[in-house]
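For reference, the chains in residue letters:
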Amino acid sequence: MTTHRPLVAAFLRFVVCGGGVGLASSGVLIALHGRMPMVLANALVTVVSTVIATELHGRISFRSERRGWGVHLQSGMTVAVSYAFTTGALLALYAVHPAPSPMTEQVVYLSASALTGIGRFVVLRAVVFARRTTAVEVPLGRASVAMAA
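First, a word on scope: everything that follows refers to the structure included in this document.

Focus on the packing of aromatic side chains
Part 1 of the reasoning: Taken as a whole and assessed by the stated rule, the structure comprises six aromatic pairs.
Part 2 of the reasoning: The interplanar angle of 25° and the centroid separation of 6.4 Å between the aromatic rings of F11 and F14 together place this pair among those described as stacked. One end of the pair, F11, and the other, F14, are both in helix α1 (residues 5-32), three residues apart, so they sit about a helical turn from each other.
Part 3 of the reasoning: Ring geometry for F14 and F62: centres 6.1 Å apart, planes at 50°, overall tilted. One end of the pair, F14, is in helix α1; the other, F62, is in the loop between α2 (38-61) and α3 (69-96), and 48 residues separate them in sequence. Each member of the pair, F14 as well as F62, carries the same accessibility label: buried.
Part 4 of the reasoning: By way of ring pairs, the aromatic residues F11, F14, F62, F121 and F129 are connected into one cluster.

Have a look at this one:
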């Protein structure tokens, strides 16, 4: 059980950071309503919230030293895949049931979002913020120097 604790702790930090950014983004989107077209506001909020969430995930969720635009690009790609997956889930729902209830739409959307959230966690942990192994420096002793010569 103790081997799973760091993974569970990282996942809980991921949920708290991502959820906090998501709630803040929702508030900002509401505040921008009427001040600019909703499509533009949503795009702006999505980009800014993704950058903020990536920084939080790197520093807090995964406690990684990785920084820079490459990390943001990789994280942004996971957001794009998540968007495509949730949109596809809703389009599939509408194909099967052209007039679903709002509750059914929310169940499908939130289920797809939960699946993509788990997928994002896995990709961010295993790829984007993975600990990079470096060459281990071995102190040279007489035997290793003699073998190298």
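Comments concerning the packing of α1 against helix α4 (residues 102-128)
Part 1 of the reasoning: Viewed as axis vectors pointing N to C, α1 and α4 meet at an angle of 120°, and their least axial separation amounts to 11 Å. Regarding the angle of α1 to α4, the classification is oblique. Viewed along their axes, α1 and α4 form a crossing whose handedness is right-handed. Seen from α1, the contacting residues are L7, A10, F11 and F14; seen from α4, they are G117, I118, R120, F121, L124 and R125.
Part 2 of the reasoning: Each residue belonging to the contact of α1 with α4 can be placed in one class, and the counts come to seven nonpolar, one polar and two charged.

Here we look at the environment of V81
Part 1 of the reasoning: In this fold, V81 is placed in helix α3.
Part 2 of the reasoning: V81 sits 38 residues away from G119 along the chain, and the two C-alpha atoms are 9.7 Å apart.

Reading the values: rules and limits
Residues numbered from 1 in each chain as written. Predicted model: local features only at pLDDT ≥ 70, side-chain atom pairs only at ≥ 80, totals over all residues. Heavy atoms only, no water. Phe/Tyr/Trp six-rings, centres within 6.5 Å; stacked < 30°, edge-to-face > 60°. Helix = DSSP H or I, 4+ residues; strand = E, 2+ residues; numbered from the N terminus. Buried < 20%, exposed > 50% of the residue type's maximum accessible area, 1.4 Å probe, protein only. Axes fitted to C-alpha atoms, helices over the stretch in contact; angles between N-to-C directions. Parallel < 35°, antiparallel > 145°, perpendicular 65-115°, else oblique. Left-handed = near helix turned anticlockwise from the far one by under 90°. Contact = heavy atoms within 4.5 Å. Nonpolar A, V, L, I, M, F, W, Y, C, P; charged D, E, K, R; others polar.

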